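Geometric and topological summary
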Amino acid sequence: MGAWGIGFPYDQFYFDNAFAKSHPEYRCMDRNGDAISNLSYAYPEVQQYIIDFLVNGAASGCDAVTLIANRGVPYVLFEEPVAKRFFERYGEYPYELPLDDPRLNAIHCEIMTEFARNLRSALDERYGKGKVAVHLRGFYSVYDTKYIGIDAEEWAKEGLINAIICYPQRNYE
């Protein structure tokens, strides 16, 4: 999900993704305003790029697409859409907050859940309702995965994913 250019079948061209290279304006921003190499799911264009990639990949006849969310983090940080949403809701900017601040984490989770809803809708529209499953490979537990903005429990409740695979890894700021 965050290793730009490592997607099948072009995984030998790691870090050579034309979309990522041509859109530096969609990069994740650290709290001090520095851009990092990852693109941010806070931008609808990034979400659509990934959704199109996964929907087109499912044409291979696979039973499921897997969102590998245990590497390539972060997926969303302090970009303008995040800061704007936070300010509108709380009247302040989030730049000095830790990533596990419940208010900031809730906004990160909202953004990533919007992505998951759009992915589920796109797969259902193209292949039929529920014909292509969505698997999530997250961190050590669903709670650890929530730290990076992926509320796997909510995704499961909404029927956005069919399986959760935990990986023995954690991520902390």
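Below is a summary of the structure that appears in this document. (Residues numbered from 1 in each chain as written. Predicted model: local features only at pLDDT ≥ 70, side-chain atom pairs only at ≥ 80, totals over all residues. Heavy atoms only, no water.)

Attention now moves to the nonpolar core. If you look at the biggest cluster of nonpolar residues, it comprises 45 residues, and the most contacted ones within it are Met1, Leu67, Met112, Phe115, Ile150 and Trp155. Broken down by secondary-structure element, the contributors of at least two residues to this core are helix 1 (18–22), helix 2 (44–57), strand 3 (64–68), helix 3 (80–90), helix 4 (102–127), strand 4 (133–138) and helix 6 (152–157). No other element matches helix 4, which puts eight residues into this core. Discounting chain neighbours no more than four positions away, the residues touching methionine 112 are Met1, Tyr41, Tyr75, Val76, Gly149, Ile150 and Trp155. (Core = buried A, V, L, I, M, F, W, Y, C linked by side-chain atoms within 4.5 Å. Buried < 20%, exposed > 50% of the residue type's maximum accessible area, 1.4 Å probe, protein only. Helix = DSSP H or I, 4+ residues; strand = E, 2+ residues; numbered from the N terminus. Contact = heavy atoms within 4.5 Å.)

Right, let's get into the side chain of threonine 113. Along the chain, threonine 113 turns up in helix 4. In this structure threonine 113 touches Trp155, Glu158 and Leu160, once residues within four positions along its chain are discounted.

This part is about the packing of aromatic side chains. We describe a pair of aromatic rings using the distance from one ring centre to the other and the angle between the two ring planes. All chains considered together, the criterion is met by nine aromatic pairs. With centroids separated by 4.3 Å and ring planes inclined at 5 degrees, the aromatic side chains of phenylalanine 19 and tyrosine 49 adopt a geometry described as stacked. Taken together, the residues phenylalanine 19 in helix 1 and tyrosine 49 in helix 2 connect sequence positions 30 residues apart. Aromatic pair tyrosine 41 and phenylalanine 115: ring centres 5.0 Å apart, planes at 80 degrees, arrangement edge-to-face. Taken together, the residues span a long stretch of sequence, with tyrosine 41 in the loop between strand 2 (35–39) and helix 2 and phenylalanine 115 in helix 4 at a distance of 74 residues. For the pair tyrosine 41 and phenylalanine 115, one class covers both residues: buried. Here a set of aromatic residues connected by ring pairs shows up, and it is made of Phe19, Tyr26, Tyr43 and Tyr49. For arginine 103, the ring lying beneath its charged end belongs to tyrosine 90, and the centroid distance is 5.1 Å. (Phe/Tyr/Trp six-rings, centres within 6.5 Å; stacked < 30°, edge-to-face > 60°. Lys NZ or Arg CZ within 6 Å of the ring centre and 35° of its normal.)

Turning our eyes to something else, we now look at the pattern of salt bridges. One side chain can pair with another of opposite charge once the charged atoms of both are near each other. Scanning the model with the defined rule gives eight salt bridges in all. Arginine 103 is the salt-bridge partner of glutamate 92, the closest N and O atoms lying 3.0 Å from each other. With glutamate 92 in the loop between helix 3 and helix 4 and arginine 103 in helix 4, this pair connects stretches of sequence that are eleven residues apart. Looking at glutamate 92, the relative accessible area reads 35%, which means it is partly exposed. Two residues, aspartate 101 and arginine 103, come together in a salt bridge whose shortest N-O distance is 3.4 Å. Note on aspartate 101: relative accessible area 13%, which makes it buried. (Salt bridge = Lys/Arg side-chain N within 4 Å of Asp/Glu carboxyl O.)

The three strands lie next to each other as 3-4-5, forming an open sheet whose pairing is parallel. The strands lining the two open edges of the sheet, one partner per strand, are strand 3 and strand 5 (163–166). The sheet shows a mean angle of 20 degrees between the axes of neighbouring strands, direction not considered. In this structure, strand 4 lies alongside strand 5, joined through four bridges in parallel fashion. Residue pairing for strand 5: histidine 135 is matched across the bridge by alanine 163. In the packing of helix 4 onto the sheet, the strands contacted are strand 3 and strand 4, and the crossing angle to strand 4 comes to about 150 degrees. (Pairing = 2+ DSSP bridges. Axes fitted to C-alpha atoms, helices over the stretch in contact; angles between N-to-C directions.)

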